Amino acid sequence: GAGVSQTPSNKVTEKGKYVELRCDPISGHTALYWYRQSLGQGPEFLIYFQGTGAADDSGLPNDRFFAVRPEGSVSTLKIQRTERGDSAVYLCASSPAGTGRTHEQYFGPGTRLTVT
Amino acid sequence: TQLLEQSPQFLSIQEGENLTVYCNSSSVFSSLQWYRQEPGEGPVLLVTVVTGGEVKKLKRLTFQFGDARKDSSLHITAAQPGDTGLYLCAGRAGGTSYGKLTFGQGTILTVHP
């Protein structure tokens, strides 16, 4: 079966530009998560969706970052006025539900964003 | 803010040696997970521990959750080159933050043949 897919796999953009990163979760998974991983670091939580709504967006660093999941499946992470410090691998994960403390999150391969 | 301190950050050993990776926090977690990540891929779950004092074994890997659910360890016996990778611990808080994982900074393990 298909796992979590993310597009594009690599994105190079200029400082100040707008970018969109897409995540296709595993079919039927109701919970979707976005993380950001800088080189040599562990993933850092950004936002978590349960269905169509953002259940926890406490990890979004500022108002340049926004994410949507309009139909409860595909999600898009949007970054406005990109800065060089936004360069990182953006990981998406999904799970069958977000309520169980043992629920596994299945991660996609990530989108490597480079802001020049 | 919950933090997980993972140590060591780098580990380079010879095939056949044993090793332990530590994950420590001042906060209590409802569960703790260990992931392994290969270059260019997302993390893959190895194990979840939920009960204080719990010990789980996965072949040559032994995972332990501290009695107070604030710390965990991963022990690998007779390491093999195929064990090379980035190992991450991740804690899940309770309450309204149950959805997100807080990750440690990772341990890069290299096992030389």
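Residues numbered from 1 in each chain as written. Chains lettered and ligands numbered in written order. Predicted model: local features only at pLDDT ≥ 70, side-chain atom pairs only at ≥ 80, totals over all residues. Heavy atoms only, no water.

(A) Looking closely at unusual backbone geometry. Residue A:Thr7 is joined to A:Pro8 through a cis peptide bond whose omega torsion reads -10°. Mapped onto the elements, A:Pro8 comes out in the loop between strand E1 (5-7) and strand E2 (10-13). Here the residue pair B:Ser7 and B:Pro8 is connected by a cis peptide bond, since its omega of -10° sits within 30 degrees of zero. By the secondary structure assignment, B:Pro8 is in the loop between strand E1 (5-7) and strand E2 (10-14). In this model, B:Arg69 sits at a positive phi of 60°, which is unusual for a non-glycine residue. Among the secondary structure elements, B:Arg69 is positioned in the loop between strand E7 (61-65) and strand E8 (71-76). Taking the relative accessible area as the measure of exposure, B:Arg69 reaches 27% and is therefore partly exposed. (Helix = DSSP H or I, 4+ residues; strand = E, 2+ residues; numbered from the N terminus. Buried < 20%, exposed > 50% of the residue type's maximum accessible area, 1.4 Å probe, protein only.)

(B) Broad picture of the interface of chain B and chain A. On the side of chain A, 23 residues touch chain B, which itself brings 24 residues to the contact. Seen at the junction of chain B and chain A, the total is zero salt bridges. Applying the counting rule to chain B against chain A returns five residue pairs in polar contact (both at pLDDT 80 or more). Among the secondary structure elements, those contributing two or more residues to the side of chain B that touches chain A are strand E4 (31-37), strand E5 (44-49), strand E9 (85-92) and strand E10 (101-103) of chain B. (Contact = heavy atoms within 4.5 Å. Salt bridge = Lys/Arg side-chain N within 4 Å of Asp/Glu carboxyl O. Polar contact = N/O pair within 3.5 Å; in protein donor to acceptor, adjacent residues only side chain to side chain.)

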